[in-house]
Amino acid sequence: MPAFLRVLAFLLLLCGTAAQAAGLPSLLGGTPAQPQASEPLGKSLDEVITTLENDQQRTRLLNDLKKLRDSTRKAQPEPEQGVLGLIGGTLAELEKQFSGEASPFKRWSDEMELAQIELSALKVPVQQLPSLLFGFIAIIALWSLLAYALNWAGHRLRLKFGLTEELPQHPRTWDLVRFALRKLGPWLVALVITVYLSFALPSSLGKSMAMVLAYALVVGTCFSAICVIAFSLLDGPHRHRALHILRHQAFRPLWLIGSFAAFGEAMNDPRLYLALGTHLAHALATLANVLAALSTALFILRFRRPIAHLIRNQPLAQRLKRRALSDTIEVLGSFWFLPALVLVGISLFATFVSAGDTSTALRQSLMCTVLVILCMVINGLVRRQALKPRRANRRQAVYAERLRSFGYTLVHLTIWLLFIELGLRVWGFSLITFAEGEGHEVAMRLAGLAGTLLVAWLVWILADTAVHHALTRSRKGLANARAQTMMPLIRNVLFVAIAIIALIVALANMGMNVTPLLAGAGVIGLAIGFGAQSLVADLITGLFIIIEDSLAIDDYVDVGGHLGTVEGLTIRTVRLRDIDGIVHTIPFSEIKSIKNYSREFGYAIFRIAIPHSMNIDQAIALVRDVGQKMRTDPLQRRNIWSPLEFQGVESFESGSAVLRARFKTAPIKQWEVSRAFNLALKRQLDEAGLDLATPRLSVQVLTSADGSGTAKD
């Protein structure tokens, strides 16, 4: 724009000259300007006059000035609007969109008129009508006959080999593949053969429409088979009735949905545009897609309860371990059909608003639905593969199981990420393109965060498995009380340590300076160490007690003057419940000694006072006889680990000999064995007519000379 620049320079120079002419006389006391200042002004005036005398340059200059004015207006910031202003502006835009020439009603009316015109122009002469119908009927008949023959041959083969036509109650992978081949194979093979043979017929509109119809029906069959397979992969306890309903009643509705959607997609082919006309093809595609959406809504309403049952019914182990997730799935299963119907309604509304846009919103929604179903099928197959039992070394079985679960979880995440990427591409977006372009920095940070979390998760799995394997390893390979005691504490410490390290690394990868955070954590740790010495003493003492395995859960101990059973351990206290049911919570720092009655074995010790009238050898034989009967007692023989160990006469009390004997018993069973032995001994003495020793009192009577007596003990 050289002319525009020259004029603009002239205007600026003119402004400057006027300012100079107005200001210099007052400053210099009326001294006239130098003659050199008028020369640039004269040249600029000549250029402006020359530009304005030329019509083309004058028009160009006027257009440039208008553009400058418009750009100046656009550069001005718009005034801020409040909430009412935004609502009013939105309503004004909607009113503008639904009125006038831009109204969807007007556009749909124009679209239908143009489609009707193209349909009227499509009318063929009467002499060409037989060839058109012949092409359509020949293609459909050939395809149907081939499919019927292939279905009959497949039925005969199934009868010969004893194969079932429907899916079994617990289908294997091969059963699912065979079901898909049985449903889809004959129609697809027939379509391929029909396409090959159709080249012998002349090209016509009837032939093209027959091929489109056959293609749509085959795609509908494929869609319904994939959906039924996806439902079958959700097999589990208490789901058999819902699966039976879906397998036997959902195939035809799904076939209709897939056929309508495929027909609408096929009508967007450029060759059909030429044969039918653009607007007529658009109208048929829109009608097919609307029918697909309405069929989907009817399917959702009809089968909402069986699908809700499939979603809600989770295995018992998952319901017990993951209660929050189970509650979320319960709510999702109860109301899953509401968002599905809303999506169908949004698709229909978007199709109505974007009249003449070949139902882009519906096609994109249907494609996303197909992607969701494929994702479910692939995830179901991966889950089925993960649940298969595998043989592994006993020592490596735990590691292999958890690492396999970790690997399959990564596979599931990869499948869902791939689905999200494909779904975004359907709507015109892409995560990969965003990561390579404007969002490269954000993508790298998020990738670093995800990598940190995955590595932390893997380290947690390995560490937790190693702790579990080390603590539960014994001669019999079963979990023991030591494992039950130490495992929660060690797992909590490991989890907190790994989580803190992962958090610091993640923050560092996100670009944050973690040095002040580490310094602050160190200062806080020192403050806690000095300010809570009793807490630190409890922690350290408890750590050594647990490491030394001095007590464990379910042990019967005497700690801090309290006798009871250990019910729980924390990193600071031990919790006991005594024989009266009272719970005692004792800090570790107050424990000076531990008496544990539950380790390895116990001794049931007996002290028996023999009557003075009973022979000692007879008493020993009686005690041994009772001990032998105790070892053959079905209720006590598992608690008694050794023969009766007779230790002889311990002492004499009140003139009676006290015998001492003992049994080696199972841990914590010594008191039970003692009570049973005392009961059996008392019954044996009663049968023999004997009584236990009682204290004796000896009385001596001394007679004096006067005849009085004195009693002495």
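Provided above is the structure to which this section pertains.
Heads up: these notes are all about the structure in this document. Computed from a predicted structure; not experimentally measured. Position numbers for residues start from 1 in each chain and track the written sequence from start to end. In keeping with the predicted nature of the model, local features appear solely for residues at pLDDT of at least 70, side-chain atom pairs appear and are counted solely at 80 or more, and the whole-chain, interface and lining totals rest on all residues. Note that the side-chain values use all heavy atoms of the structure and ignore hydrogens as well as water.

A word on the overall build of the protein
Starting at the N terminus, helices and strands are each numbered in turn, a helix being any DSSP run of H or I of at least four residues and a strand any DSSP run of E of at least two. When helices and strands are counted, the protein shows 25 helices and 10 strands. Per-residue burial over the protein gives 32% buried out of 713 residues. Within the protein, contacts between residues at least 6 apart in sequence are counted, and of these 69% link residues at least 24 apart. A 1.4 Å probe and the Shrake-Rupley method give the accessible areas. Residues count as covered only by the protein chains that appear here. Carbon and sulfur atoms make up 64% of the accessible area of the protein, which amounts to about 45300 Å² in all. Only protein chains enter the accessibility calculation, which uses a 1.4 Å probe; a residue whose area is less than 20% of its type maximum is buried, one above 50% is exposed, and one in between is partly exposed. Working rule for contacts: check all heavy atoms of both residues, and any pair within 4.5 Å makes them a contact.

Points about the sheet that holds strand 7 (residues 645-653)
Read from one edge to the other, the open sheet built from three strands follows the order 6-8-7, with strand pairing classed as antiparallel. Of all the strands in the sheet, just strand 6 (602-609) and strand 7 have a single pairing partner and so form its edges. Between one strand axis and the next, the sheet turns through 25° on average, direction left out of account. Think of it this way: DSSP has to see at least two bridges between two strands before they count as a pair. Across eight bridges, strand 6 lies against strand 8 (residues 656-665) in antiparallel orientation. In this analysis, axes come from line fits to C-alpha atoms, helices being fitted only over the stretch in contact, and the angle between any two N-to-C directions falls in the range 0 to 180 degrees.

Details of the pairing of strand 3 (residues 573-577)
A regular strand carries its side chains on alternate faces of the sheet. Examined bridge by bridge, strand 2 (residues 562-569) and strand 3 share four bridges and lie antiparallel to one another. In the sheet register, Leu569 faces strand 3, and the bridge partner there is Val574. The sheet contact formed by strand 3 and strand 4 (residues 583-587) spans five bridges and is antiparallel. Paired with Arg577 across the strands is Val583, a residue of strand 4. With antiparallel pairing between neighbouring strands as the criterion, strand 3 and strand 4 make up a hairpin whose turn holds five residues, including Gly581 at a positive phi of roughly 85°.

Things to note about the pattern of salt bridges
Salt bridge, as used here: a side-chain nitrogen of Lys or Arg that lies within 4 Å of a carboxyl oxygen of Asp or Glu. Under the criterion given, the structure shown has 10 salt bridges. Salt-bridge contacts for Arg445 lead to Glu441; the nearest nitrogen and oxygen are separated by 3.0 Å. Note that Arg445 and Glu441 are positioned in helix 20 (residues 440-472) at a spacing of four residues, about one turn of the helix. In this structure, the salt-bridge partner of Asp625 is Lys629, at a minimum N-O distance of 3.9 Å.

Here's the deal with the nonpolar core
We define a nonpolar core as any set of buried Ala, Val, Leu, Ile, Met, Phe, Trp, Tyr and Cys residues linked to one another through side-chain atoms lying within 4.5 Å. Counting residues in each nonpolar core, the largest one holds 22 residues, and the members touching the most others are Phe231, Leu246, Leu254, Phe299, Phe303, Ile307 and Trp336. At the level of elements, helix 8 (205-232), helix 9 (240-249), helix 10 (251-266), helix 12 (278-302), helix 13 (304-312) and helix 16 (337-353) are the ones that each hand at least two residues to this core. When residues no more than four places from it in sequence are discounted, the contact partners of Leu254 are Gly220, Phe223, Ser224, Cys227, Phe231 and Phe299.

Things to note about the packing of helix 5 (residues 104-121) against helix 12
To describe two helices that pack against each other, one gives the angle between their axes and the distance between the axes. The interhelical angle for the contact between helix 5 and helix 12, taken along N-to-C directions, is 115°, at an axis separation of 7 Å. Relative to helix 12, the crossing made by helix 5 is left-handed. Residue-level contacts link Trp108, Glu111, Met112, Leu114, Ala115, Glu118 and Leu119 of helix 5 to Thr278, His279, Leu280, His282, Ala283 and Thr286 of helix 12. Its residues assigned to classes, the contact of helix 5 with helix 12 comprises seven nonpolar, four polar and two charged. Handedness of a crossing is defined here by the sense of rotation of the near helix relative to the far one, left-handed for an anticlockwise turn of less than a right angle and right-handed for a clockwise turn. Put simply, Ala, Val, Leu, Ile, Met, Phe, Trp, Tyr, Cys and Pro go in the nonpolar bin, Asp, Glu, Lys and Arg in the charged bin, and everything else, Gly too, in the polar bin.

Concerning the packing of aromatic side chains
Aromatic pairing here means that ring centres of Phe, Tyr or Trp (its six-membered ring) are within 6.5 Å. Orientation follows from the plane angle: under 30 degrees is stacked, over 60 is edge-to-face, and everything else is tilted. Summed over the entire model, instances satisfying the criterion amount to 12 aromatic pairs. For the pair Tyr556 and Trp671, a centre-to-centre distance of 5.4 Å together with 65° between the ring planes defines the contact as edge-to-face. Taken as a pair, Tyr556 in strand 1 (residues 556-559) and Trp671 in helix 25 (residues 670-688) lie far apart in primary sequence, 115 residues in all. Following the ring pairs from residue to residue traces out a cluster consisting of Tyr556, Tyr597 and Trp671. The ring of Phe251 carries the charged tip of Lys183 above its face, separated from the ring centre by 4.4 Å. Consider the ring centre and the ring normal. A charge sits over the ring if Lys NZ or Arg CZ is within 6 Å of that centre and within 35 degrees of that normal. Between Lys664 and the ring centre of Phe601, over which it is positioned, the NZ or CZ distance is 4.2 Å.

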